[in-house]
Each structure stands twice: as C-alpha cells, then as structure tokens.
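Given next are the chains, with one letter for each unit.
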Amino acid sequence: MHDVLKINMMADIHGENDHIAAHTNLELTARDIFTVNLMGAPGVGKTSCLKGLMKELKGRTPYVIEGDIESDIDTRHLREQGVRVSQINTFGACHLDAPLVRNAVQNMELEGPGVLFIENIGNLVCPAEFSIGEHIKLLVSSVTEGSDKPYKYPLAFEKAEAVLLNKADLLPYLDFDEDFFMKGFRALNPAAPVFRVSARTGEGFAEAARWLEERAAAMESVGAHSHAHSHGEEGEHEHSHSHGEEGRHEHSHSHGDGTAHSHPHSHGRE
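Residues numbered from 1 in each chain as written. Predicted model: local features only at pLDDT ≥ 70, side-chain atom pairs only at ≥ 80, totals over all residues. Heavy atoms only, no water.

Trainee: Tell me about the overall build of the chain, and please be specific about residues and values.
Mentor: Secondary structure assignment for the chain yields eight helices and 11 strands. Going through the 270 residues of the chain one by one, you find that 47% of them count as buried. Within the chain, residue pairs in contact and separated by at least 24 positions form 65% of the contacts whose partners lie at least 6 positions apart. Accessible area for the chain stands at about 13,600 Å²; split by element, carbon and sulfur atoms hold 50% of it. (Helix = DSSP H or I, 4+ residues; strand = E, 2+ residues; numbered from the N terminus. Buried < 20%, exposed > 50% of the residue type's maximum accessible area, 1.4 Å probe, protein only. Contact = heavy atoms within 4.5 Å. Areas by Shrake-Rupley, 256 points an atom, 1.4 Å probe, with all protein chains shown as cover.)

Structure, rendered in structure tokens:
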C-alpha cells in the first residue's frame, strides 16, 4: 500500500512539473528563445563554460537563469559583464523545477532571437530527472572528475543532447582515460556530440557555439498540437494549442463529459 502511494505521489509530482515545463517551452519557442538546461557536478566549471559559449554566440542574445542552493556570486559576476540574468535560490533543494523556472521566465524581459541558459544546481543526479522547459540538456563534465562518471551517473549522460568536456588543457597532467570515458558515454548515448573545451584557454567553444546555433535555427516551430492529461476518474481532458503570429496562441480543452472551452493568450515581443 505504501509503495503504491509513493508511486502515485511521484507520478503526480512529475506530471504537474512536466505540464508546466511544456507550457514554458511552448511560450519560449514562440518567442524564438532557444533554451538550454545546463547541468553538471559542482566544480566542473558550468558558469565558466557558460561565459565561453556566450562569447562565441552570433546573432542571438544570451540570457541566463542562475540556479544555486545559496548565494548570488555567479549572478553578480554575469551582471558585471552586461548579461541579463535572473537568480533562483532553492535553499536546500538539489535541482530546479518547472514552477521555479516558469516564475523566473515570466519576470524576465526576453526578446528573440535569443538563447536562454538555465544553469541548474550542481548535481549529477536530480537535475536530469526534471524537465524545466528546455529545448536541450547540455552536460558539463571535466577531466578532473575522472573518467568513470558515465558509469556512476548514467541518467545525466543518457539524457544529454551534448557534452562539454571541460578543463581539456589539463589532460597532459592527468590520468584521465578518455577512451574509457567515451566507451561508457556511447553505451548510453550513441549520438550526442562531445566537445573538448577549456574555460581557461577558450579552446573548443567556437565549435560548441556553432552547434548550439544550428540547433537553435532548427528549433521546432510550435504549431497546432495536443497533449492529453488524466486527472482521476472522469477527469480526463485534452489540451490543444495553436500559435499565430508574434507568439499569440490559444489553448482549447475538451473534457470527458463532452464539454469544451478555449482561452487565448498573447506572448508578443517585449
């Protein structure tokens, strides 16, 4: 009985999170804001890699949401460089979730074409489990972590659309087994590119930024589509969305009892 309750509660938590994440993603897509969930363990150089990528971006304005358990150190440094950034502190929670990100997004002035980098909490476990409205998950790993990380933390590597292997300038001085690392990664993720980068020297970021720009250019345009939700007995309903010019879209709902209604939204450029 307790196991069934736990499973149902987790399903409810993930279901509501994914519902909010999907709406955030639709709105960001309509506004031409390509969104990156930047994940990685503490100390791998997530913020430094973020800075390296932003320097190489062409034609898209960078925006940042900084996620930390405490402090706003990285946010202050980014603001000093003229980056538009919003801070989220979780005060103990080990990952960002869709409601937190949605609130931050709604309080930011985002103008496309842009790239929104969401730097998640330093953690190789929980952030990979939760969608937060992103178009891709970008994982930062580093040669100083050791070559066994894909084997010990498989979910993060499995879900990553690309990996930045940071601190590559230290490879001559470490016993990092790159073949072992890649073998473990490819067993989980056959297709995602791995970019050797160095936040210290700038190596590799131009290539990684070009890949990001190509993904952003191919960002799925949001057209009419639907997704169904179940809310208990006789509570099933379907949401369909249609998007017009300048981000205007309409949500229509059909319920199990045969009733239907719709409500329009406008997400014009700010």
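Trainee: How would you sum up the pattern of salt bridges? Please name residues and give values.
Mentor: Scanning the model with the defined rule gives eight salt bridges in all. Between E134 and K137 there is a salt bridge; the shortest N-O distance is 2.5 Å. Across this residue pair, the class does not change: E134 and K137 are buried. A salt bridge links E178 to R196, with the nearest nitrogen and oxygen atoms 2.5 Å apart. With a gap of 18 residues between them, E178 in helix α7 (residues 178-188) and R196 in strand β7 (residues 194-196) connect regions that are remote in the sequence. R196 sits in the partly exposed class, given a relative accessible area of 39%. (Salt bridge = Lys/Arg side-chain N within 4 Å of Asp/Glu carboxyl O.)

Trainee: So what's going on with the confidence of the model for the chain? Which residues, and what values?
Mentor: The share of residues in the chain with pLDDT of 70 or more is 77%, and the mean pLDDT across the chain is 85. In the predicted structure, residues 221-270 sits below a pLDDT of 50 and forms 98 contacts with residues beyond four places in sequence or in another chain. (pLDDT = per-residue confidence, 0-100.)

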